[in-house]
Amino acid sequence: MATPRNRAGSVRAADLRWRSALAVLDEMRREPGVTRAAVARRLGLSTGSATEITSRLRDLALLAENPAAATSRGRPTSVLTPHPDGPVVIAVDLRQEDWRCAVAPLDGKPDVAEAGTHRSRDPEQVIGTVAQAVGRLHRRYGDRVRAICVAIAATVQHGRVVQSAVLGWDAVDLAALTADPRVPLLIGNDATLAGLAEARQGAAAGAATVLHITVEVGVGGTLVVDGRPMHGATGAGGEFGHLPFGDPRLRCPCGARGCWDLVVDGRAIARRLGEPAPRDPRTYAEQALARTPADPAVRAAVAHAARALAGGLAGLINALDPAVVTLGSLAESLRAAAEPEFTAALADGLMRFRRPNPPPVLAAALGRDGALHGAVVTALDHVLTEEGLAAWAALCSSHSPA
């Protein structure tokens, strides 16, 4: 259905206690399938207050309630789920070789609706193709679309793409990805968004300070503090792959020399093997990792990359003092393929006082879907505010029968 329906008639924004409503919706988002009774306990709500708030949220097409499975002789309760006519967000994952568009309701579960591979790296063609897919989704869901977030393998500054060494782009405008100027378009670096997702709902959920490192084409990542990525002064923070942890003789496509990017991914493995630089470093690295058990030369090249990854990671731990480290995509694969070398290099790079109790280094839980989940998290953060709920309530009222 293209527009929300308010089954109980017009409900004014002033009638809803927005903070309590947001708290209930956040619980539904944090734990899909949570019961109303569990939400009431966690928020310290009386049974009557919980019933009243969820009733009003139903009236605003924000949540639905279904009977929970009976587990005791106590009062029956219900499971809270997104309303079938409720708000949705669109998440776009724009990667080196392909793209995906997903739709997610208020519980944050993305459903990939459109996907494709790049026929060309020309930014106009790539953006045009993805814009058509977003437009189709927007027409399908109409006013229910409340925000769009794009995760892109690029440096993002002040909410704009300023450079993508991976895609071979300089500054590009992604404004075409929203078909309605009233719907906010949010843009984030893919590794930053993946780290956000791991900190909120992945391997590091609950940790106050999380360092996320991922390897795709080069190194990406972010530092997440209290559930918020540290973007820096202009939003371009977290470009860990361009720290000078690499070979100063090598010039990176970003323009700098000695970037960490160049010594940890498929390009580094190919260089150690004396092979040409691969067009698709990620696929090349995956193939090399598969050959590692049977080919000593490949094993040595992979081990070299794993040591370079661990050494740089040690430097970041020393500088940023995270409680938890998560490794995404090929970063975890490199560690697994050469664990002794990785572990030794990490310990050697840590300051002496850290070695007895280093932060745990965990495999990312969301895999290659991390950036997509992070885009959903970011879009929902924009929607689930007092202002966002008030705007939705006004829309519900405008669509109600006179």
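Thresholds, definitions, all that
- Residues numbered from 1 in each chain as written.
- Predicted model: local features only at pLDDT ≥ 70, side-chain atom pairs only at ≥ 80, totals over all residues.
- Heavy atoms only, no water.
- Pairing = 2+ DSSP bridges.
- Helix = DSSP H or I, 4+ residues; strand = E, 2+ residues; numbered from the N terminus.
- Contact = heavy atoms within 4.5 Å.
- Axes fitted to C-alpha atoms, helices over the stretch in contact; angles between N-to-C directions.
- pLDDT = per-residue confidence, 0-100.
- Buried < 20%, exposed > 50% of the residue type's maximum accessible area, 1.4 Å probe, protein only.
- Polar contact = N/O pair within 3.5 Å; in protein donor to acceptor, adjacent residues only side chain to side chain.

A. Region of the structure containing the sheet that holds strand 13 (residues 324-329). If you walk across this open sheet you meet the five strands as 12-11-10-13-14, and the pairing is mixed. The sheet is open, and its two borders are formed by strand 12 (228-229) and strand 14 (361-363), each paired with just one other strand. Relative to strand 13, strand 10 (residues 209-216) runs parallel, the two sharing six bridges. Bridge pairing links His212 to Thr326 in strand 13. Against the sheet, helix 5 (residues 190-201) engages strand 10, strand 11 (218-225), strand 12 and strand 13, with an angle of about 45° to strand 11.

B. Main features of the confidence of the model for the chain. Across the chain, the average pLDDT comes to 89, with 93% of residues at or above 70. Predicted confidence is poor over residues 1-16, with pLDDT under 50, and the contacts of this stretch with residues over four places away or in other chains come to 43 contacts.

C. Seen up close, unusual backbone geometry. For His158, which is not glycine, the phi dihedral falls at a positive 55°. Within the fold, His158 resides in the loop between strand 7 (155-157) and strand 8 (160-163). Taking relative accessible area as the criterion, His158 reaches 60% and is therefore assigned exposed. The backbone phi angle of Asp226 is positive, close to 50°, even though this residue is not glycine. If you trace the backbone, Asp226 turns up in the loop between strand 11 and strand 12.

D. Broad picture of the side chain of Thr178. Relative to the helices and strands, Thr178 resides in the loop between strand 8 and strand 9 (185-189). Judged by its relative accessible area of 17%, Thr178 is buried. Here the side chain of Thr178 touches Asp180 through a polar contact of 3.0 Å, landing on its backbone oxygen. In this structure the side chain of Thr178 is engaged in a polar contact, spanning 3.4 Å, whose partner is the backbone oxygen of Val183. Here Thr178 is in contact with Ile148, Val183 and Leu185, once residues within four sequence places are set aside.

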